[in-house]
Amino acid sequence: MKKFLVAMMVMAVIAGTLFAQGSAESGAAVMLNKDKPVIFYNRQPSDPTTGVIDMNAMNWNDKTMYVGFDAAGGGAVQGKLITDFLASADPAVIDRNGDGIIGYVLCIGDVGHNDSKARTQGIREALGTWAGSTDPGVVQEGSVNVGGKTFKVVELEGKAMTGTDGSTWNANAATDAMSGWATKFGDQIDMVVSNNDGMAMGCLQASNYPAGVPIFGYDANADAIEAIGAGKLTGTVSQNVDAQAAGTLQVLRNYLDGLTGADVYTKGISEPDQYGNKITADMMWVADTKALLAQNVGVNSSNWQLYTEGTRDAGIKQTDAPSKKVILTVYNAGDNFLSSSYVPALRYYAPLMNIELNIVQGDGQSESSCLDKFTNLGNYDAYAINMVKTNSAQDYLDKLKY
Ligand code: BGC
Ligand code: CA
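Being a predicted model, the structure only gives us computed values, none of them experimental. (Residues numbered from 1 in each chain as written. Chains lettered and ligands numbered in written order. Predicted model: local features only at pLDDT ≥ 70, side-chain atom pairs only at ≥ 80, totals over all residues. Heavy atoms only, no water.)

1. Observations regarding the sheet that holds strand β12 (residues 324–330)
Our working rule: Two strands make a pair as long as DSSP finds a minimum of two bridges between them. Counting from the N terminus, the helices are DSSP H or I runs at least four residues long and the strands are E runs at least two residues long. Angles shown run from 0 to 180 degrees and are taken between the N-to-C directions of axes, each axis being a line fitted to C-alpha atoms and, for helices, limited to the stretch in contact. Note on contacts: a residue pair is in contact if any heavy atoms of the two residues lie within 4.5 Å.
Taken in spatial order, the seven strands line up as β9-β10-β2-β1-β14-β12-β13 in an open sheet, and their pairing is mixed. Each of the sheet's edge strands pairs with one partner strand only, and the pair in question is β9 (283–286) and β13 (355–361). Strand after strand, the sheet turns through a mean of 20° between neighbouring axes, direction not considered. Here β9 pairs with strand β10 (residues 291–294) via four bridges, running antiparallel. In the strand pairing of β10, V286 is matched with A291. Sheet strands in contact with helix α11 (residues 336–352) are β1 (38–41), β12 and β13, and its direction is about 160° off that of β13.

2. Observations regarding the packing of aromatic side chains
Cut-off, in case you're wondering: Stacked, edge-to-face and tilted are the three classes for Phe, Tyr and Trp ring pairs, Trp counted by its six-membered ring, which pair at centre distances within 6.5 Å; planes under 30 degrees apart are stacked, over 60 edge-to-face, the rest tilted. Each residue is assigned to one of three classes by its accessible area relative to the maximum for its type, calculated with a 1.4 Å probe on protein chains only: buried under 20%, partly exposed between the two thresholds, exposed over 50%. Counting as a charge over the ring demands two things of the Lys NZ or Arg CZ atom: a distance within 6 Å of the ring centre and an angle within 35 degrees of the ring normal.
In this structure the tally under the stated criterion is eight aromatic pairs. With centroids separated by 5.0 Å and ring planes inclined at 35°, the aromatic side chains of Y41 and Y342 adopt a geometry described as tilted. One end of the pair, Y41, is in strand β1; the other, Y342, is in helix α11, and 301 residues separate them in sequence. By relative accessible area, which is 0% here, Y41 ends up buried. Ring centres of F85 and F216 lie 5.6 Å apart, and the angle between their planes is 75°; on these two criteria the pair is classed as edge-to-face. Here F216 lies in strand β7 (residues 215–216) and F85 lies in helix α3 (residues 71–87), a separation of 131 residues in the sequence. Note on F85: relative accessible area 26%, which makes it partly exposed. Grouping aromatic residues by their ring pairs yields a cluster made of Y41, F337 and Y342. Directly above the aromatic system of Y331 lies the positively charged group of R43, at a separation of 3.6 Å from the ring centroid. Looking at R119, its charged tip hangs above the ring of Y218, at a distance of 3.6 Å from the centre.

Here's what the structure looks like:
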């Protein structure tokens, strides 16, 4: 059976090669899947334990790139948002039990995800609780300025929010955790910090949420921005989803238009492309990891109006670019950031750039839920990949080998 399969595969490869040569001779070059553009986005191929970038995946072919945002910088932005808030707050209000300690609880998204790790680190560094590890519970006592006075800081508990189905960044798990924390720690809780908005909004859903306790998220999802306006959420961070979604598509467009070298990450990004399009926000190019990154901005009661739903980038207009087909995977159809912010942005910008997107979505826990829908690959001109596990890039690339 095995021999038969191998023989079949060899024949398929030979047939593929003949076909490719045949059409090249007749004028229409057929591109093999392995030579087509591959963009990883939102989940950077990396080791879930060490966070080290998977450069084998990033060097798959000369049209491979990661499009995301400055994760490390973002952790620092979230940390500063929190310390700035505390610096101008009234200590008598913040320190609920008056013990001179600021106690906080932390919702961790996914211990194996670089974005989550960067936020845990940024928050702990800002509050002085960083003890060299992003793991839950590995913390030390910190200190922070609240309204001109120095307070001790204690991370009462940090927990990875994993759903009963195994999915990460799980908002329901955050609701459950918050109600447990409110019971367990009572008025020792002076602040709630979350690696994303979905989990922060989940905490606010807990029926025993301690009213008025400051709470911080990340992503600037529409419902979180509304909650800031309504005075329920204290702050969040925008990772500039429009720049990322438009950036993913722009880089695909550039590769598909035959651009090479620096043109791929500058045209339409730091300078107008041939159609006159340009993403308005600044993006950063990191050559070492082949990564194009959007910047973060802290959002709170002073600037939330700038981040209300549907504020799209006017720098991207309808083009007459040749139509191209792209299959794009989403690791979890239930992820609140991707489903409420990223995918709607993709659906807005893709038709403007004449990219026909086929979006296939997984369940957030088993790689096969996503991988099994990554099929009919010869029908597409390029690929955009968001894996369930950050170390699964090769499983997708293996399917593009022929
Ligand atoms: C977002 C999270 C989201 C995750 C999915 C992160 O960048 O902040 O909200 O769950 O991406 O991979
Ligand atoms: Ca206290």
